[in-house]
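Topology and contacts: notes
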2 protein chains.
Amino acid sequence: MAMNQQGGTAPDVAEVTGVPTEVDALSAVAGLLHALSDPNRLAILEHLALGEHRVVDLTAHLGLAQSTVSKHLACLRDCGLVVSRPSGRASMISLAQPELTHAVLAATVRLLDVTSGPCGAA
Amino acid sequence: MAMNQQGGTAPDVAEVTGVPTEVDALSAVAGLLHALSDPNRLAILEHLALGEHRVVDLTAHLGLAQSTVSKHLACLRDCGLVVSRPSGRASMISLAQPELTHAVLAATVRLLDVTSGPCGAA
DNA sequence: CTGATTCATCGCCATATGACGATGTAATCA
DNA sequence: TGATTACATCGTCATATGGCGATGAATCAG
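Because the structure is predicted, anything quoted here is derived from the model rather than measured.

Let's talk about the packing of helix H3 (residues 39–48) of chain A against helix H5 (residues 66–78) of chain A
All names here are of chain A.
- Closest axis-to-axis distance for the H3/H5 pair is 10 Å, and the angle between their directions is 75°. By the angle class used here, H3 and H5 are roughly perpendicular. Two secondary-structure elements touch here, H3 through Asn40, Arg41, Ile44 and Leu45 and H5 through Val69, His72, Leu73, Cys75 and Leu76.
- The class makeup of the residues in the contact of H3 with H5 is six nonpolar, two polar and one charged.

Remarks on the interface of chain A and chain B
- Facing 45 residues of chain A, the contacting portion of chain B comprises 46 residues.
- Interface of chain A and chain B: buried area, both sides summed, is about 4,300 Å²; carbon and sulfur atoms make up 76% of it.
- Contact with chain B buries area across many residues of chain A, yet Leu33, Glu46 and Leu111 of chain A alone supply 15% of it, more than any other trio.
- Counting residues per element, the ones that place at least two in the side of chain A that touches chain B are helix H1 (13–17), helix H2 (23–35), H3 and helix H6 (98–120) of chain A.

Quick word on H5 of chain A
Residue and element names in this part refer to chain A.
- Over its 13 residues, H5 runs 18 Å from end to end, which matches the ideal 18 Å to within 8%, given 1.5 Å per residue.
- The elements touched by buried residues of H5 are H2, H3, helix H4 (55–62), strand S2 (82–87) and strand S3 (90–95).
- Once H5 ends, the next one or two residues include Gly80, with phi positive near 75°.

A word on the packing of H3 of chain A against H4 of chain A
All names here are of chain A.
- In the contact formed by H3 and H4, the axes pass within 11 Å of each other and the chain directions differ by 125°. The angle between H3 and H4 places the two elements in the oblique class. Relative to H4, H3 is oriented so that their crossing is right-handed. When H3 is examined against H4, the residues Asn40, Ala43, Ile44, His47 and Leu48 are found in contact with a partner set consisting of Leu58, His61 and Leu62.

About the cut-offs
- Residues numbered from 1 in each chain as written.
- Chains lettered and ligands numbered in written order.
- Predicted model: local features only at pLDDT ≥ 70, side-chain atom pairs only at ≥ 80, totals over all residues.
- Heavy atoms only, no water.
- Axes fitted to C-alpha atoms, helices over the stretch in contact; angles between N-to-C directions.
- Helix = DSSP H or I, 4+ residues; strand = E, 2+ residues; numbered from the N terminus.
- Parallel < 35°, antiparallel > 145°, perpendicular 65-115°, else oblique.
- Contact = heavy atoms within 4.5 Å.
- Nonpolar A, V, L, I, M, F, W, Y, C, P; charged D, E, K, R; others polar.
- Buried area = accessible area lost by both parts, 1.4 Å probe.
- Expected span 1.5 Å × (residues − 1).
- Left-handed = near helix turned anticlockwise from the far one by under 90°.

In structure tokens, the structure reads:
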């Protein structure tokens, strides 16, 4: 049973990693990551990093149908990644947690830089 | 609509956020995040955080079919998240980038903690 | 009031994905 | 040698997902 490599007194995975182990918690994390695992949604988040934007602006920027963008925004809103502030007949969309969201993406870029680098590049 | 980015004087989204803006780069990031957006794959990564494991061990741990686990591992291997070291007739699987991978998950947990908290909890 | 704009939602469709069992290959054991 | 174990791959199926257009509600312009 070579399973306590962390030394100490039988460390729990969650305590070592700081990431939950239960299925529910993992599903929650996976759900949030799933919301981030779409290029168009990432483009939306990036665009929102510059400030508030209307849906129609995001639609024009992405070159997608308005319904598609609206659905993506609903996804991001469900995950609490963006918030919408009604302004007249428009909706001003903005990042709910700019710094934390950026932290996840930055960490992912760093990881991507290492994982994809040694495989194909020098 | 203020969209002067690539000028060199005005700040580019990528420079502000540190996250690429091109579709290819976004797709790459999205692909990596997609690999992380599955509860079972997250469970695999967490389990591997404790050290090397055989496929059959992961299979027993997850309670999934061997083919399913193998496919998940293939996904993770394609993304460069895990590496496999042949050992006899078994394959020892381990994290390729434990710290960077953990950094992404930790940042996601932090984000989840904020996004899911204020919505339903106090 | 009438028309235009903005956004959310619904229905639909093509594709992607996760699950499984079955099969093939390589390595270990009797 | 033959049998068993460990793993990867293939084929299949049910479901999820992203895309679009159409529709409806709300707001603003005239």
